Structure formats: structure tokens, C-alpha cells
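As a plain string of letters, each chain reads:
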Amino acid sequence: MHVIVCVKQVPDTAEIKKVQINADTGTIVREGIPSILNPFDEYAVEEAVRIREKHGGKVTLLSMGPAQAEDALIKGLSMGADEAILLCDRAFAGSDTLATAYTLSAAIKKIGPFDLILCGQQAIDGDTGQVGPGLAENLQIPQVTYVNRIEIQGQEMRVRREVESGYEDLECGLPALLAVVKGINEPRIPAFSDLAEAMDKGIRTWALDDLMVDESRIGLKGSPTWVMGIWTPEVKRGGQIISDAPEEAAQKLAVFLSQRGILS
Amino acid sequence: MGIRILEDQCTGCGNCLPSCPFGCLELVENKAVIREGCTLCGACQEVCPCEAISIEREAASATSGIEKYRGVLVFAEQHRGRLKDCALELLGAGQKLAGTLHQELAAALLGSEVEALCPILFAHGADKVYLLEEEELEQYRTEPYADALSGVITQYKPSVVLFGATTTGRDLAPRIAARLRTGLTADCTGLEIEDQTGLLLQIRPAFGGNIMATIKCASHRPQMATVRPKVMKKPVPDLSRRGEMIRIDGRANSKSLRTRILQIIEAADEMVNLEEAEIVVSGGRGLEKAENFHLLEELASVLGGAVGASRAAVDAGWKPHPFQVGQTGKTVCPKLYIACGISGAIQHLVGMQTSDIVVAINKDPEAPILKVADLGIVGDLFQVVPAFTRVVRKLKGGETPRK
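Keep in mind that this is a model prediction, so the values were computed, not measured.

What counts and how
- Residues numbered from 1 in each chain as written.
- Chains lettered and ligands numbered in written order.
- Predicted model: local features only at pLDDT ≥ 70, side-chain atom pairs only at ≥ 80, totals over all residues.
- Heavy atoms only, no water.
- Helix = DSSP H or I, 4+ residues; strand = E, 2+ residues; numbered from the N terminus.
- Buried < 20%, exposed > 50% of the residue type's maximum accessible area, 1.4 Å probe, protein only.
- Contact = heavy atoms within 4.5 Å.
- Areas by Shrake-Rupley, 256 points an atom, 1.4 Å probe, with all protein chains shown as cover.
- Lys, Arg positive; Asp, Glu negative; His and termini not counted.
- Charge placed at Lys NZ, Arg CZ, Asp CG, Glu CD.
- Patch = residues over 30% accessible without salt bridge, like charges linked within 9 Å, V, L, I, M, F, W, Y side chains within 5 Å.
- Salt bridge = Lys/Arg side-chain N within 4 Å of Asp/Glu carboxyl O.
- Axes fitted to C-alpha atoms, helices over the stretch in contact; angles between N-to-C directions.
- Parallel < 35°, antiparallel > 145°, perpendicular 65-115°, else oblique.
- Left-handed = near helix turned anticlockwise from the far one by under 90°.
- Phe/Tyr/Trp six-rings, centres within 6.5 Å; stacked < 30°, edge-to-face > 60°.
- Lys NZ or Arg CZ within 6 Å of the ring centre and 35° of its normal.
- Pairing = 2+ DSSP bridges.
- pLDDT = per-residue confidence, 0-100.
- Polar contact = N/O pair within 3.5 Å; in protein donor to acceptor, adjacent residues only side chain to side chain.
- Nonpolar A, V, L, I, M, F, W, Y, C, P; charged D, E, K, R; others polar.
- Core = buried A, V, L, I, M, F, W, Y, C linked by side-chain atoms within 4.5 Å.

**Let's talk about the overall build of chain A**
- Secondary structure assignment for chain A yields 7 helices and 13 strands.
- Along the first, second and third principal axes, the C-alpha set of chain A runs to 65 × 40 × 40 Å.
- Here chain A holds 264 residues, and 60% of them are scored as buried.
- Across chain A, contacts joining residues at least 24 apart in sequence account for 73% of those joining residues at least 6 apart.
- Split by element, the accessible area of chain A, about 10,500 Å² in all, is 49% carbon and sulfur.
- The average position of the 26 basic charges and that of the 38 acidic charges among the side chains of chain A differ by 2 Å.

Laid out in C-alpha cells, this is it:
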């Protein structure tokens, strides 16, 4: 069983907000924003390692990003993945989800045969959830998103998908791509010795020349969507605060809501 | 990279440094330098007083025959023969876009025996409905839906295609965008047409809502977006409105069915449609134990709302993950969000801060949730919540409704 897990290094958005509130300048302050392994990807790595523990095989991590994205891969290796590849080249910079999915698919073709690709449902910086399905399309394999349970039986698997109205249980052949949500597992916390071991495993870095790609489909050139402008949304709130006794507070709340067309 | 600092013009003032949302700028020997991670967003260019930052966007390999793409197409998502609210919201948004462009609004309706829904789509603004009825399309699965809908897009060439940002839309749209090799923007909260160019401006939150971005797709078609449910307004239906129905046969290719649905488990009512509920009553660590959620369930029930939970409550095992509101859970924007015993960590706020009205009940006057609440009640939720439930029950129990 060869499981490839696609991971991303992201800024810790919780930290961004803290910095922003303190500075109160209306802009994001760059200093002191730590980078982390995307939380959704931790579930994907954990699930891949559990699948290997049960069925044997190998877990390969794949990421694309600047050199410091190695930290995210080290985290994944310390959780038990066997090897890691980082796609790192200025030519990949500025990729949107379409170009990213294409570039990852080229890397996966180079990695060779696989049984399963796992992704986190989305990254907490972009929140798009688009790279997984785009990757599955590029590789012409089935996909299931919002997955919160995986049971593999031979060349088939049963997966449970978490949707608005409940759950869907699906049967899906291998190879396939699954995007997982929180709740699928409880990711392990690596020990210090795991970290040392992860450092020994090492990370392979592939640049543009290592991949068979159509250069018009990668990086900025291969990205149909452009970010035209970015601004900080107004925080409109900071309303009234009351600390009346419970009965009075409940009455005031009812009046407050009635005045705003709720409860009426 | 298409961004350059014009060193002759850069005075090293440093104005650009804090403007970069990605922290990619630094001063080296009194000149701005761009490091890795730049997305060419242009924030630095806007603040530079010396016009020392130049951005050139290289022309991507464009869609050919771009001028042939016209009109707006909405994916009319249905579940068990009922249209999702977001499909009607998209028609409302799509009608405005199509009106500005002086082009037509179409809907793609996929399913099995769903023809009866066509008049509803016309009443809500669709000029045309592409109807694809097949057994394979009865329940949503990626491959038959992607095959069928990308076929419609290839044949009819809409300029804009909109999907609801639901578990279906967010599964289907990226698959189709990759197949058609076009741009897709996720989770939009605003859509506009750019004056001069007629291009779709797609506005969306990023970085967990810390920043907003405007995105466009200039040289590829169609311009695709998923749109967050409940942000756009449903149009008032005009039942006299008629449109053209175009039936399309034989799109779903049965050889492409590599996934099979074994069973569908409809969850308990209280959990259903947290994202679609008009009122959400959420609980956090302050509830102290799982059993106490019944207080919120009672309140939600008299208000006709749904129950949500913070990450702390989910991680404690008091509620399963589908109830979680926030970063690794759901994003909700109801008319009313009542946060009970939730401190308001940023991971929670990003999932609910676009709600119309936020009420917070918390015993800690320093809780961050109170800073984003329209009305904050500092008090004991175990007393305030039941008291409020009684008040609502009384109000709804036959008395003349108060205005």
C-alpha cells in the first residue's frame, strides 16, 4: 500500500489575528507569524500512517512551497511518514489552485505507482479545498471529499462522507484521492525522539527541471486567477454589554432582538 | 516573477513593509526587497509613494475563442428532488450579473425526475434551464455530475458559472475547473462586474477572514466561482415568469462510475443544516458537560434554530465534529448567532463572524467574544439561557407578537 499525502505549510492564522489586534493598524504585521503544518493535513498524515500500520507499505509526503516548507514536512515525517518530497522552484511561485494541482500531478507521476492519495479537506490560509479535486482530475482517478472514515478491503474501500444533511457511505476502488476532515482521527503528537528520526529521514527537493511539465501550465503563467487587491475587512461590532440579573437580561435580549426583526 | 522594485525610485521609506499580507518585503541597504511568497496581490504597489514597485502579469495560456463565451450559468443544486436554498440565492446573484452584462441567465438542473423544479427556477430569474435527467444523477457523485455538467459548459459556453459553496459544489466545481483548465474562486461572498472589461470580480475572505481579496480570471473561460450559502439574497419569485427548457440526454457515462453509494444516513434533525439555519445557538467550554447542551437544544427548538459547538466542546467529546463552528469546522452566517459559554478564540470567530447579529452570553467580562457581539450579556448562562427560553416561549405562545 503506497499512500501519498499532499501537505501544505500555512501561516498560523490565529497568530495573525493576535498581532493585528495588538497593532490595530488595519494591516497584517509580518513579524512573528509562525508557520505550521496545515491542521487538516495532520489528519491526512495520521490517517496515512494508520493505514500503513494496518496494511503495510509506505507513506510519502508531497508539498510545494518555499524552502522553509521543509518544516511542515519534518512535522509529517515525525508523525511517522516514511519519505518526503518538496517541490521548490521560483518557477512554481504564484501558482493558483489549478497550477498547483497540475504541478503536484506531475510530481506524483514521477513518484510512480500509488494506491491512495490523501489530502486535508482544505488549507486554513486559502480555505479553498480545490487542489485535491483538481489533482484527482489531472490523474484521472476518483475522488471523495469531506471524508471522516476510511476502511480499506483489498482493492476496494468504504468511505464515509460528512455532508450537510448527514453522512454518505460510499464504495470506491483504488487508486483514488480522499480529502479528509477533522474527526477522522486524533493525530499523534510526536515525541522528541521522533523529531530526531525525522531529521535523519531527509527530504528530497525537486525543481522545475526534475518534472515533466508544460511550462505554460505552472506558476503564475499557468494560473488563470489573479488576486487583484487585498484589504482588511471592517470589524463592525463592539455593541452594548449588559450585566443585569438573569431575568432582566433575558427580557432585554428579547427586546433587542424584537427591535431587529427577530422574534417578531 | 512579474514584480520588480525600481531601485532608482525606491527611497527606502518602508511604507510597503507592513502592507504585505504575506510578509514578503524587507529593507536591504535602504531598498525594498521582495522575498519568496509574493502572490503579486499589489497591496505594496498601492501604498508606495514613489511608484517604485512594478508588477507585470504575464499573459497565461488563454482560452481560445473567449468572445464566444456569454451569459451566466448557475448550478441548480437539488437534494432528493428539492432545490437547495443556495441555488435560488445564486439565481438572484446571477440575475444581477447577467443584467449588467445584458446577457442571459441559465440554470443547469441535474437529477432524476426533477423536471417539476424547472418552473421554480424560471420564477427565480432563470431565462433557460438545461435539464439533465438520468438515473445515474439521482444522488450526487463527482464523476457523473462532472461529466454531465462539463458537457453542458463545453456546448453552451457560459462566461460565468456559479456553484453554491456546499459539500457538493466544493467537490464538483474544482473537478470541472481542472477539466476545462479554467480559473475557480472558492467561497465568494461578493460578485460584481468590472466596469470597463465586463470581467467577473470575485470577492472572498482569506486567511480565516482576516483579509478580503478581489480575484479575477481575465483570460480563461468560463469564470467559475463557488459562493457561500446565505450571503446572496433569494429573489422574490415571479410565478408568471416563463423560460426555455432544454433537455439534454445521455451525458452521464456509466463507465465513469467508479464510486458507488452504499447508504445515506440522514442525521438527526437538530444537526441538519447548521449552515442553512437562520438561528444558531452554540455552546462552548462554559457548558461544563455534554448533558448541559440540552439547555441550548431547548432554546434552539423554541427559536426554530440549530445547535452548534465550539472546538473546545467538540474536543471534549460533548458534541460530534459535524456540530463544530469555526476554522476546522463549519462556517455559518445565520441571522442570529447566540454564543453561550464560548470565549471566542479566533478559530471560532472565523466561523461565525459574518452572522447578521451576534449575541454572547459569558460569565467572563474579558472574553473576546464580547468584543464581536452586538449584544453581550455578562452572566451565568445556566440562568440566562433558561430565562430567555421562557421569555421566547411566552412570546411565541399565542401573545400578540411584539414589533
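**Some points on a nonpolar patch on the surface**
- A contiguous nonpolar patch, built from Phe-192, Leu-195 and Met-199 of chain A and spanning about 360 Å² of accessible area, is present on the exposed surface.
- A residue is classified by how much of its surface remains accessible, and Met-199 of chain A, at 54% relative accessible area, is exposed.

**Looking at the packing of helix H6 (residues 293-303) of chain B against helix H9 (residues 381-396) of chain B**
Residue and element names in this part refer to chain B.
- Following both chains from N to C, one finds H6 and H9 inclined at 20 degrees, their axes separated by 9 Å at the closest point. Here H6 is positioned roughly parallel relative to H9, judged by the angle of their axes. As H6 packs across H9, the resulting crossing turns out to be left-handed. Along its contact with H6, which presents Leu-295, Leu-296, Glu-298, Leu-299, Val-302 and Leu-303, the element H9 presents Phe-382, Val-385, Pro-386, Phe-388, Thr-389, Val-392, Arg-393 and Lys-396.

**Here's the deal with the packing of aromatic side chains**
- As enumerated under the stated definition, the model contains 4 aromatic pairs over all chains in all.
- Taken together, a centroid distance of 6.3 Å and an interplanar angle of 85 degrees make the contact between Phe-75 of chain B and Tyr-145 of chain B edge-to-face. With Phe-75 of chain B in strand E5 (residues 72-75) and Tyr-145 of chain B in helix H4 (residues 142-156), this residue pair connects regions lying 70 residues apart in the sequence.
- Judged by centre distance (5.7 Å) and plane angle (40 degrees), the rings of Phe-75 of chain B and Phe-163 of chain B are tilted. Here Phe-75 of chain B, found in strand E5, pairs with Phe-163 of chain B, found in strand E10 (residues 160-164); they are 88 residues apart in sequence, far enough to count as distant.
- By relative accessible area, which is 2% here, Phe-75 of chain B ends up buried.
- By way of ring pairs, the aromatic residues Phe-75, Tyr-140, Tyr-145 and Phe-163 of chain B are connected into one cluster.
- The lysine or arginine in question, Arg-160 of chain A, covers the ring of Tyr-167 of chain A, its NZ or CZ lying 5.4 Å from the ring centre.

**Some thoughts on the sheet that holds strand E11 (residues 184-188) of chain B**
Residues and elements named next belong to chain B.
- Read across the open sheet, the 7 strands follow the order E11-E15-E10-E5-E8-E9-E16; overall the sheet is parallel. Every other strand in the sheet has two partners, leaving E11 and strand E16 (244-247) as the edge strands with one partner each. Direction aside, the axes of adjacent strands within the sheet are offset by 20 degrees on average.
- Here E11 pairs with strand E15 (residues 223-227) via 3 bridges, running parallel. Looking at E15, one finds that Leu-184 is bridged to Met-224.

**Observations regarding the confidence of the model for chain A**
- Averaged over every residue, the pLDDT of chain A is 90; residues scoring 70 or more account for 90%.
- The low-confidence segment residues 18-30 of chain A (pLDDT under 50) makes 22 contacts with residues lying over four places distant or belonging to another chain.

**A closer look at the interface of chain A and chain B**
- Listed per partner, the contact involves 93 residues of chain A and 114 residues of chain B.
- We note a salt bridge from Glu-171 of chain A to Arg-260 of chain B, for which the minimum N-O separation is 2.5 Å.
- Our count for the chain A to chain B interface comes out at 32 residue pairs in polar contact (both at pLDDT 80 or more).
- Residue contributions to the side of chain A that touches chain B peak at 11 residues, all from helix H7 (residues 246-259) of chain A.

**Points about the packing of H4 of chain B against helix H5 (residues 169-180) of chain B**
Residue and element names in this part refer to chain B.
- Orientation of H4 relative to H5, taken along the N-to-C sense of each, is 50 degrees, at an axis distance of 9 Å. The angle between H4 and H5 falls in the class oblique. Between H4 and H5 the crossing geometry is right-handed. The residues of H5 that touch H4, namely those facing Thr-142, Glu-143, Tyr-145, Ala-146, Asp-147, Leu-149, Ser-150, Ile-153 and Thr-154, are Asp-171, Leu-172, Arg-175, Ile-176, Arg-179 and Leu-180.
- Of the residues contributing to the contact of H4 with H5, the split by class is 7 nonpolar, 3 polar and 5 charged.

**Let's talk about the side chain of Lys-84 of chain B**
- Within the fold, Lys-84 of chain B resides in the loop between strand E7 (82-83) and helix H2 (85-101).
- With residues up to four places along the chain from it excluded, the contact list for Lys-84 of chain B reads Glu-164 of chain A together with Glu-77, Gln-78, His-79 and Glu-276 of chain B.

**Remarks on the pattern of salt bridges**
- Within the structure shown, the criterion is met by 33 salt bridges over all chains.
- In this structure, the salt-bridge partner of Arg-161 of chain A is Asp-171 of chain B, at a minimum N-O distance of 3.9 Å. Here Asp-171 of chain B lies in helix H5 and Arg-161 of chain A lies in strand E8 (residues 156-163), a pairing that spans two chains.
- With a relative accessible area of 0%, Asp-171 of chain B lands in the buried category.

**A word on the environment of Ser-301 of chain B**
- Here Ser-301 of chain B lies in helix H6.
- As for Ser-301 of chain B and Arg-393 of chain B, which are separated by 92 residues in sequence, their C-alpha atoms are 9.9 Å apart.

**Some words on the nonpolar core**
- Membership of the largest hydrophobic core comes to 41 residues, with the highest contact counts inside it found for Leu-257 and Leu-263 of chain A together with Val-281, Leu-303, Ile-338 and Phe-388 of chain B.
- Take this core: its biggest share by element is 8 residues, from H9 of chain B.
- Residues contacting Val-281 of chain B, with those up to four places away along its chain left out, are Leu-296, Leu-299, Ala-300, Leu-303, Ala-306, Val-307, Gly-308, Ile-338 and Cys-340 of chain B.

**Quick word on the environment of Leu-101 of chain B**
Residues and elements named next belong to chain B.
- In this fold, Leu-101 is placed in helix H2.
- In this structure the C-alpha to C-alpha distance between Leu-101 and Asp-238, which are 137 residues apart in sequence, comes to 22 Å.
- Residues in contact with Leu-101, not counting those within four places in the same chain, are Val-72, Ile-193 and Gly-198.

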